[in-house]
Amino acid sequence: MKPVNDGGAPEATGAAPRAGSRRPLIAGNWKMNAGGQDACPLAAAVAKATRELTRAEVVVAPPFTAIAAVAHELAEAKSEVGIAAQNMSAEVSGAFTGEISSGMLKDAGATWVILGHSERRQLFAETDESVARKVASAIAAELRPIVCVGETLEQREAGDTLAVVERQVRAFLDELAKQPGFGVIAYEPVWAIGTGKVARAEDAQEVHAFIRGLLAKASEDLAGVTRILYGGSVKADNAEGLLAQDDIDGALVGGASLDAAGFAKIVDAAHRLAERAEQG
């Protein structure tokens, strides 16, 4: 594969250094799994396994059908694990059969929402514009967005990684800038999702630093407080190398989040790195 900087995207300079206030965030995207009676035991297991790993923030994203039950389970356990939805409509209400609004998600117990995931872009034709509308709607409803960006294998091999990522980020950048630190960006190279392939830590860092540079062009504050996650076949055995990079502030975890013990090992890696950073 070609290096990510072979494309024609302009360099983004002035990226902020790692900020101590950027608490690592590990989010588990359950996708179309654990949407029934197995959701609560999984959530409870995650809560138990990560309870002492307080230097990292933990979020789980069950299917719509399990959000309310998982919210109840975590509340009963007095857990600080947050709950995300995997998608939402940009519309607040109306005749949109089958859609889920921000208000419905909040009523069910979600405080986060994943938007623009590559599977939504690739399989359901979501566009930069539609994702930006959803980001605006989520922020207006006080749902914290985890907005996904990333290139396909074809785009990467053509040297277009940075150009693609810049286009995707610029579509919603103004919305994030309205409330710095409220939203999160997840860089997830499409070719690494569910394939077992993982970007080399230094390649992932290059893209993360580029994204932070784009944020810095809007404001240094936005760049300093916005967490940028890596997503793409993150597992216990590769998490620490990725999370140790200066501009990687956590992970959006897919398949590995369905195993509470394995997911907790990823959270533990983030916790230990944050602890090490605090100790200088």
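This one's a predicted model, so the numbers in the text were calculated from it and none came from an experiment.

### Let's talk about the packing of helix H10 (residues 236-243) against helix H11 (residues 260-278)
Axes are the key here: two packed helices are described by the angle between their axes and the distance separating the axes. Interaxial distance between H10 and H11 falls to 9 Å at its minimum, and their mutual angle equals 25°. One finds that H10 runs roughly parallel with respect to H11. In terms of crossing hand, the pair formed by H10 and H11 is right-handed. Residue-level contacts link Ala 236, Ala 239, Glu 240 and Leu 243 of H10 to Gly 262, Lys 265, Ile 266, Ala 269, Ala 270, Arg 272, Leu 273 and Arg 276 of H11. Residue classes in the contact of H10 with H11 are distributed as 7 nonpolar, 1 polar and 4 charged.

### Some details on the environment of Ala 256
Summarising the element assignment, Ala 256 is placed in the loop between strand S8 (250-253) and H11. Counting along the chain gives 10 residues from Ala 256 to Asp 246, while the straight-line C-alpha distance between them is 23 Å. Filtering out sequence-adjacent residues up to four positions away, Ala 256 remains in contact with Val 234, Lys 235, Gly 262, Phe 263 and Ile 266.

### Quick notes on the layout of surface pockets
Gaps left between atoms show up when a probe the size of a water molecule is rolled over them. If you add up the space inside the largest pocket, you get close to 460 Å³. Tallying contributions element by element places helix H4 (residues 118-123) first for the lining of the largest pocket, with 3 residues. Class assignment of the residues belonging to the lining of the largest pocket gives a composition of 7 nonpolar, 6 polar and 4 charged.

### Overview of the pattern of salt bridges
Under the criterion given, the structure shown has 21 salt bridges. Here Glu 278 ties to Arg 55 by a salt bridge, and the two come within 2.9 Å at their closest N and O atoms. In this pair, Glu 278 is assigned in helix H11 and Arg 55 in the loop between helix H1 (39-50) and strand S2 (57-61), connecting sequence segments 223 residues apart. Judged by its relative accessible area of 57%, Glu 278 falls in the exposed class. For Asp 203, the salt bridge identified is with Arg 156, shortest N-O distance 3.3 Å. Of this pair, Asp 203 sits in helix H8 (residues 201-218) while Arg 156 is found in helix H6 (residues 153-157), placing the two residues 47 residues apart along the sequence.

### Digging into the packing of helix H5 (residues 128-140) against helix H7 (residues 161-177)
Running from amino to carboxyl end, H5 crosses H7 at an angle of 20°, the nearest separation of the two axes being 9 Å. As summarised for this structure, H5 and H7 are arranged roughly parallel, according to the angle between their axes. Handedness of the H5/H7 crossing: right-handed. Touching Asp 128, Ala 132, Val 135, Ala 136 and Ile 139 of H5 are Arg 167, Gln 168, Ala 171, Phe 172, Glu 175 and Leu 176, all from H7. For the contact of H5 with H7, the residue count by class is 7 nonpolar, 1 polar and 3 charged.

### Re H8
End to end, H8 covers 26 Å across 18 residues, agreeing with the expected 26 Å (1.5 Å per residue, within 8%). For H8, a buried count of 13 out of 18 residues is recorded, marking the element as mostly surrounded by other parts of the structure.

### A short note on the sheet that holds strand S1 (residues 25-29)
The strand order S1-S2-S3-S4-S5-S6-S7-S8 describes a closed barrel built from 8 strands, whose pairing is parallel. The mean angle between the axes of side-by-side strands here comes to 25°, regardless of whether they run parallel or antiparallel. Where S2 meets strand S3 (residues 82-85), 2 bridges bridge the pair, whose relative direction is parallel. What sits directly across from Val 60, in S3, is Ile 83.

### What about the side chain of Asn 87?
Topologically, Asn 87 is positioned in the loop between S3 and helix H3 (102-108). A polar contact is formed between the side chain of Asn 87 and the side chain of Lys 134, at a distance of 2.9 Å. Beyond its immediate chain neighbours, meaning those up to four positions away, Asn 87 contacts Phe 64, Leu 105, Val 113, Ile 114, Leu 115, Arg 120, Glu 126 and Lys 134.

Basis of the calculations
- Residues numbered from 1 in each chain as written.
- Predicted model: local features only at pLDDT ≥ 70, side-chain atom pairs only at ≥ 80, totals over all residues.
- Heavy atoms only, no water.
- Axes fitted to C-alpha atoms, helices over the stretch in contact; angles between N-to-C directions.
- Helix = DSSP H or I, 4+ residues; strand = E, 2+ residues; numbered from the N terminus.
- Parallel < 35°, antiparallel > 145°, perpendicular 65-115°, else oblique.
- Left-handed = near helix turned anticlockwise from the far one by under 90°.
- Contact = heavy atoms within 4.5 Å.
- Nonpolar A, V, L, I, M, F, W, Y, C, P; charged D, E, K, R; others polar.
- 1 Å grid on protein atoms, 1.4 Å probe; cavity = no way out; pocket = protein on both sides within 12 Å on 5 of 7 lines; lining within 4 Å.
- Points joined across faces, edges and corners; volume = space filled by probe spheres on them.
- Salt bridge = Lys/Arg side-chain N within 4 Å of Asp/Glu carboxyl O.
- Buried < 20%, exposed > 50% of the residue type's maximum accessible area, 1.4 Å probe, protein only.
- Expected span 1.5 Å × (residues − 1).
- Pairing = 2+ DSSP bridges.
- Polar contact = N/O pair within 3.5 Å; in protein donor to acceptor, adjacent residues only side chain to side chain.

Structural measurements only, silent on function.
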